[in-house]
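This is what each chain is made of:
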Amino acid sequence: MVIIPGFGITLSLGALLLSSVSTSSQAKPAKPRPTQADTSYQQAKKDLPNNMYVLYRVIDRVSRANDLDQRPWRIVLVPKYQLNAFADEANLIAVYTGIIDQLAGDSSALACIVGHEMGHHTKRHIAINSEQQLALFEQAKLEVEQESRDAETQANVEDTTNNVIRNVGNNVLGNIDDNLLRNVGGSIFGGIFGGRSRSATERQQEIVAKKEAELADRIAAATRIQEYEADQQGYLYAARAGFEPEGCIRAMNVLNQLPGTTRDTSHPAVPKRIEALRTMMKKNPPQALAAEGKSKIAASKPLTYDRSEDGVSLRINSRNGGSFQDDLERQFGQ
Ligand SMILES: [Zn+2]
């Protein structure tokens, strides 16, 4: 474990209470030796700013309970008051300070949100997303081309028809009486005298606009499926790590206060997400999941962390640590 120079040291209330206990001069019965986990976490609490420490603890626990500690995770705090978090790049989880503030100490709700973002990574949503969007775009492009060709053919047919009608009309005009022409003319010859067929460019623009809207809908529908998947993973991960399953519902209730969250957008409507989570909880009871995770946590050690090479995030190392030097020395000696 390394002290992160850039993160500074934040004295949380917990740390202050801890030091007042340890400096007491009163004779006390011998305390049990702290376990390795205690020592590591106490050090982390001293090293890291409070929110970063919390996120480290959550990710450490979720990773170890779910075998997700075979890869490093990166965590960044975005200093913005937004109720949001997102997954990006390779194993990066960004959490806005706004959501941390609104969750107000509810670590189970936070674990669910972090688990959701981890789920986006483990399900390869970022890679799939770009492939899927490219495929949808290509499909839309083909459809635009096809429909444009059809429209062009249609326009040609209309032009030919209009020409025929114009010719016929001219002939008819010479032979039929004015009353008949007035009654029938509006409909039959409307194309000749009034609204000529719209230009191909106009049609093209309409087709493109329609396809753009359709493409946006298709992309949103695809990302909504991913959001449901990430919600499910978030629940499974948090529950295996022993967090309260209701934390997932509480996290959703925080999001549900935002405008637009009661309808489908790029994310499903929050009430639908809550419903899906409830179904998931029934199918996968939290007690069984927690038991699975507990043995994995007991068999593993707290993860170490370092400042990431990206210069801004905290890298929570895999179970193999994060030091090339240590790894070389372990294999080949000092
Ligand atoms: Zn998501």
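Owing to the predicted nature of the structure, the values given are computational and were not obtained by experimental measurement.

### Quick notes on unusual backbone geometry
In step 1: The backbone of Ala 104 sits at a positive phi, close to 45°, despite the residue not being glycine.
In step 2: Tracing the backbone shows Ala 104 in the loop between α4 (97-103) and α5 (107-122).
In step 3: Phi angles above zero are rare outside glycine, and Arg 124 is one such case at about 60°.
In step 4: With respect to the element layout, Arg 124 can be found in the loop between α5 and α6 (125-175).

### Concerning the coordination of the zinc ion
In step 1: Around the zinc ion, the protein contributes the donor atoms His 116 (NE2), His 120 (NE2), Glu 227 (OE) and Glu 227 (OE), which lie 2.1 to 2.8 Å from the metal centre.
In step 2: Geometry at the zinc ion is irregular, judged from its four donor atoms and the angles of 51 to 135° they form at the metal.

### Observations concerning a nonpolar patch on the surface
In step 1: A cluster of nonpolar side chains, contributed by Phe 324, Leu 328 and Phe 332, occupies part of the molecular surface with about 430 Å² of accessible area.
In step 2: Along the chain, the position of Phe 324 falls in helix α13 (residues 324-332).
In step 3: Exposure remark for Phe 324: the relative accessible area of 73% places this residue in the exposed category.

### Points about empty space enclosed by the protein
Empty space among the atoms becomes apparent when a probe as large as a water molecule is rolled across them.
In step 1: By the definition in use, this model includes one cavity of 30 Å³ or more.
In step 2: Looking at the largest cavity, its volume works out to about 30 Å³.
In step 3: What lines the largest cavity is simply Tyr 228, Asp 231, Gln 232, Arg 273, Ala 276, Leu 277 and Met 280.

### Topic: the environment of Arg 307
In step 1: When you line up the elements, Arg 307 lands in strand β4 (residues 305-307).
In step 2: Residue Arg 307 is classed as partly exposed on the basis of its relative accessible area, which comes to 35%.
In step 3: Each C-alpha atom, one on Arg 307 and one on Ile 75, is 10.0 Å from the other, the two residues being 232 residues apart in sequence.
In step 4: A distance of 2.7 Å separates a polar side-chain atom of Arg 307 from the backbone oxygen of Gly 311.

### Side note on the nonpolar core
In step 1: Counting residues in hydrophobic clusters, the biggest one holds 52 residues, and the most contacted among them are Ile 75, Ile 99, Met 118 and Tyr 235.
In step 2: Among the elements that make up this core, the one with the highest residue count is helix α3 (residues 50-65) (eight residues).
In step 3: Setting aside chain neighbours within four positions, we find Ile 75 in contact with Met 52, Leu 55, Ile 59, Leu 92, Ile 93, Val 95, Ser 313, Leu 314 and Ile 316.
In step 4: Val 76, Val 78, Leu 92 and Ala 94 belong to the second largest nonpolar core, which has five residues in total.

### Let's talk about helix α10 (residues 246-255)
In an α-helix there are 3.6 residues to a turn, and that puts residues three or four apart on one side.
In step 1: Burial of α10 is extensive: seven of the 10 residues sit out of reach of the surface.
In step 2: Buried within α10 we find Gly 247, Cys 248, Ile 249, Ala 251, Met 252, Val 254 and Leu 255.

### Examining the packing of aromatic side chains
In step 1: Within the structure shown, the criterion is met by three aromatic pairs.
In step 2: With 6.2 Å between their ring centres and 65° between their planes, Tyr 41 and Tyr 56 make a pair best called edge-to-face. Taken together, the residues Tyr 41 in helix α2 (residues 36-47) and Tyr 56 in helix α3 connect sequence positions 15 residues apart.
In step 3: By relative accessible area, Tyr 41 is classed as buried at 11%.
In step 4: Pairing Phe 86 with Tyr 96 gives two aromatic rings, centres 6.1 Å apart and planes at 55°, and the pair type is tilted. Placement of the pair is Phe 86 in strand β2 (residues 85-88) and Tyr 96 in strand β3 (residues 92-96), with a sequence separation of 10 residues.
In step 5: Ring pairing ties together the aromatic residues Tyr 41, Tyr 56 and Tyr 305, which thus form one cluster.
In step 6: Arg 57 extends its terminal NZ or CZ atom over the ring of Tyr 41, reaching a point 3.7 Å from the ring centre.

### Comments concerning the layout of surface pockets
In step 1: Empty space within the largest pocket amounts to approximately 670 Å³.
In step 2: In terms of lining, the largest pocket is formed by 35 residues, of which the most central are Asn 84, His 116, Glu 227, His 267 and Arg 273.
In step 3: Of all elements in the fold, only β2, α5, α6, α9 (200-240), α10 and α11 (270-283) reach the threshold of two or more residues within the lining of the largest pocket.
In step 4: Partitioning the lining of the largest pocket into residue classes produces 18 nonpolar, 12 polar and five charged.

Calculation criteria
- Residues numbered from 1 in each chain as written.
- Predicted model: local features only at pLDDT ≥ 70, side-chain atom pairs only at ≥ 80, totals over all residues.
- Heavy atoms only, no water.
- Helix = DSSP H or I, 4+ residues; strand = E, 2+ residues; numbered from the N terminus.
- Donors = N, O, S within 2.8 Å, 3.2 Å for Na, K, Ca; no water.
- Tetrahedral: all angles 85-135°; square planar, octahedral: opposite > 155°, others 65-115°.
- Patch = residues over 30% accessible without salt bridge, like charges linked within 9 Å, V, L, I, M, F, W, Y side chains within 5 Å.
- Areas by Shrake-Rupley, 256 points an atom, 1.4 Å probe, with all protein chains shown as cover.
- Salt bridge = Lys/Arg side-chain N within 4 Å of Asp/Glu carboxyl O.
- Buried < 20%, exposed > 50% of the residue type's maximum accessible area, 1.4 Å probe, protein only.
- 1 Å grid on protein atoms, 1.4 Å probe; cavity = no way out; pocket = protein on both sides within 12 Å on 5 of 7 lines; lining within 4 Å.
- Points joined across faces, edges and corners; volume = space filled by probe spheres on them.
- Polar contact = N/O pair within 3.5 Å; in protein donor to acceptor, adjacent residues only side chain to side chain.
- Core = buried A, V, L, I, M, F, W, Y, C linked by side-chain atoms within 4.5 Å.
- Contact = heavy atoms within 4.5 Å.
- Phe/Tyr/Trp six-rings, centres within 6.5 Å; stacked < 30°, edge-to-face > 60°.
- Lys NZ or Arg CZ within 6 Å of the ring centre and 35° of its normal.
- Nonpolar A, V, L, I, M, F, W, Y, C, P; charged D, E, K, R; others polar.

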